[in-house]
Number of protein chains: 2
Amino acid sequence: MDISDEVEAASAGSRRAIGRLLTRVERGERDLEALIHPRNQAQIIGLTGAPGVGKSTITGHLAARLARRGRVAVMAIDPSSPVSGGAILGDRIRMDSVLGEADVFIRSMATRGSEGGLSAAAPAAFRLLDAIGFDVIIVETVGVGQVEVDIAAAADTTVVVVTPGWGDAIQANKAGLLEVADVFVINKADRPGASDTRRDLELMLDLTATNDHSWRAPIVATIGTSAEGIEELIGAIDEHDTALEAQDLRGQRRRARTLLEVRSRVGLVVESRLDAALETEQISARIDSVAADGGDTLALVDALTELLFGFSDP
Amino acid sequence: MDISDEVEAASAGSRRAIGRLLTRVERGERDLEALIHPRNQAQIIGLTGAPGVGKSTITGHLAARLARRGRVAVMAIDPSSPVSGGAILGDRIRMDSVLGEADVFIRSMATRGSEGGLSAAAPAAFRLLDAIGFDVIIVETVGVGQVEVDIAAAADTTVVVVTPGWGDAIQANKAGLLEVADVFVINKADRPGASDTRRDLELMLDLTATNDHSWRAPIVATIGTSAEGIEELIGAIDEHDTALEAQDLRGQRRRARTLLEVRSRVGLVVESRLDAALETEQISARIDSVAADGGDTLALVDALTELLFGFSDP
């Protein structure tokens, strides 16, 4: 099937066609680019938080409910190990168990050792999914590590999930999640400490005026296992969406996604040139010598940038 | 004080001089480079794991005991938020409370929004600390996010800390921690599930033959609050150190650190050029247009690499 047929089939809802197009996007295939005509209409929801807070369950509930309104895609970004390769199935199973009969397209994207590749591919995947007619795109990332946080933060609305327990809100703050949150979720809110966590979050919100607009992130309590609080969460997301619209900030979020992609792609081009250079005999020998004798590392860096780009940093 | 005096004072043990030199290293100051003569004698121990597993407490215990053998430095790498800036004090307080009277030099390094800067500065800091006479350097990083894992993995011996509880070993695997571990610690081993976690780890070790040498990571149970298991952990680290030595692999670890630093520094140079380009009126307008109308992102990337480096990726 040629690409334009594939785009047509994907727009008509073929899961296999969508999957194949996303694979092309992940590979950064150029000929797809001319065929994508973004509608700029999909609502992109980012969902992030530490491992084990219940992101997949919340994502599943959100997706199932939002699927009543329109076409929903879920992108699960998985910081899976470069060696073991694929995604661990646990999250996917948890998500499936709450999705039930809902018609939701789910795709896992793994880092596979190249985080640059991920932050290039994710915004490109959003563009594709928007272009072929999805109304809602939920992107779920582990909220530790700059790349994962960047991707969730480039959504229209970013939801940060924490759980009760001493230090959890503080850990979220440390990971830089506080300032990217448009909405907070305290999941497993039936556990002890939920009200302390809420108080911690409120306090931290009081202390930091960080948002790019006059929005204060609301805090929603959920219990993932029983879907409690999911409707309230959807309400908070919708409210943020309305605020974005009212303040004409949706274009700003879109620009952030473009910037993320452009930066990452430039980085990937540089990385592949650098990889090749590092494997040449000349450079490799020089690295050996610096590593063994403690030669001048900065001079080696200069030599490399001179060789690769024709400039060195004084 | 001029730099060579500062190096002398630092070698003699002045904490303030060490601190000031590390600041120079973090800034990438060139004139320091010529004054550092690595001894290649410090033992570098990396300690990593998810937030909340008790890394700081374990680090504190390790540092206190190893300080009986020689000069110990701790580098706490903190993925603190670029907005809120500094490190949260909690970890430091936990570490101090177990250090007691031990003479240990502690330094926090924060990402401050530039993870590239961190993976450039950390290996350079190890070089400095080795050069001025430290015998043991413990580097503690949050084990989620490629940069943090890379830094811990570039140590001579990498310790991965997990806690009991379903999924924790699986999360560690997902984060890519399994294949960088030379030693596993199950901390809070008095909690329910510790034996399950051990079994999961053993199983995963059976399934993946990943190490660069014939070493199988031992699993040590600890209870951070009571220092139980710390002597056993030190034993495991020493054993790994002996194995490295016997197989002549210490140089390989040193080369990995040099590569990490060189790659990161080249990345930083590129990043600063890219930042400048992205702020020019011409490029900025093009990003606006691509973001708004869905123009060709890959063509924009080509234009950027052509402008910056004189090449584009076909």
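Because the structure is predicted, anything quoted here is derived from the model rather than measured. (Residues numbered from 1 in each chain as written. Chains lettered and ligands numbered in written order. Predicted model: local features only at pLDDT ≥ 70, side-chain atom pairs only at ≥ 80, totals over all residues.)

Bringing the domain arrangement of chain A into the picture now. All names here are of chain A. Here chain A is described as being made up of domain 1 (1-36) and domain 2 (37-248). Across the contact, 11 residues belong to domain 1 and 14 residues belong to domain 2. Mapped onto the side of domain 1 that touches domain 2, the elements with two or more residues apiece are α1 (3-11) and α2 (15-27). Counting residues per element, the side of domain 1 that touches domain 2 draws most heavily on α2, which supplies six residues. Class assignment for the residues of the side of domain 1 that touches domain 2 results in seven nonpolar, two polar and two charged. (Domains from an automatic or database assignment. Contact = placed C-beta atoms within 7 Å. Helix = DSSP H or I, 4+ residues; strand = E, 2+ residues; numbered from the N terminus. Nonpolar A, V, L, I, M, F, W, Y, C, P; charged D, E, K, R; others polar.)

Turning our attention to helix α11 (residues 281-293) of chain B. For α11 of chain B, which comprises 13 residues, the first-to-last C-alpha distance of 18 Å matches the rise-based estimate of 18 Å (1.5 Å per residue) to within 8%. Trailing α11 of chain B by a residue or two, G294 of chain B shows a phi angle of about 70°, which is positive. (Expected span 1.5 Å × (residues − 1).)

Moving on, we come to the pairing of strand β5 (residues 157-162) of chain B. All names here are of chain B. With six of six residues buried, β5 is to be regarded as a mostly interior element. Here β5 shows two buried faces, one formed by T157, V159 and V161 and the other by T158, V160 and V162. Across four bridges, strand β1 (residues 43-49) lies against β5 in parallel orientation. Among the inter-strand pairings, L47 is bridged to a residue of β5, identified as V159. Pairing of β5 with strand β6 (residues 183-186), which is carried by four bridges, proceeds in the parallel orientation. Bridging across to β6, V162 finds its partner in I186. (Buried ≥ 20, exposed ≤ 12 C-beta atoms within 10 Å, placed from the backbone. Pairing = 2+ DSSP bridges.)

Bringing the environment of S108 of chain A into the picture now. Note on placement: S108 of chain A falls in strand β3 (residues 104-110). Note: C-alpha distance between S108 of chain A and E140 of chain A (32 residues apart in sequence) is 9.5 Å.

All names here are of chain B. Although it is not a glycine, N40 adopts a positive phi angle of roughly 50°. Mapped onto the fold, N40 is located in the loop between α2 (15-27) and β1. Since 14 C-beta atoms lie within 10 Å of it, N40 is described here as partly exposed. Phi at K188 is positive, roughly 55°, even though this residue is not glycine. Here K188 lies in the loop between β6 and α8 (194-207).

What follows concerns the environment of V53 of chain A. All names here are of chain A. On the secondary structure map, V53 appears in the loop between β1 (43-49) and α3 (55-66). Residue V53 is classed as buried on the basis of its C-beta count, with 24 C-beta atoms lying within 10 Å. As a C-alpha pair, V53 and P164 span 111 residues in sequence and 9.3 Å in three-dimensional space. Those residues within four positions of V53 in sequence are excluded, and the remaining contacts are V161, V162, T163 and N187.

All names here are of chain B. Running from amino to carboxyl end, helix α3 (residues 55-66) crosses helix α9 (residues 230-246) at an angle of 75°, the nearest separation of the two axes being 10 Å. Put simply, α3 runs roughly perpendicular to α9. For the pair formed by α3 and α9, the contact residues are H61, L62 and R65 on the first element and I230, L233 and I234 on the second. Here the contact of α3 with α9 is composed, by residue class, of four nonpolar, one polar and one charged. (Axes fitted to C-alpha atoms, helices over the stretch in contact; angles between N-to-C directions. Parallel < 35°, antiparallel > 145°, perpendicular 65-115°, else oblique.)

As a further point, take the pairing of strand β4 (residues 136-142) of chain B. Residues and elements named next belong to chain B. Taking burial as the measure, the seven residues of β4 include seven buried ones, the bulk of the element. Here β4 shows no split at all, with V136, I138, E140 and V142 on one side and I137, V139 and T141 on the other all buried. One ladder, built from seven bridges, connects β1 with β4; its direction is parallel. Counterpart to Q43 in the pairing with β4 is V136.

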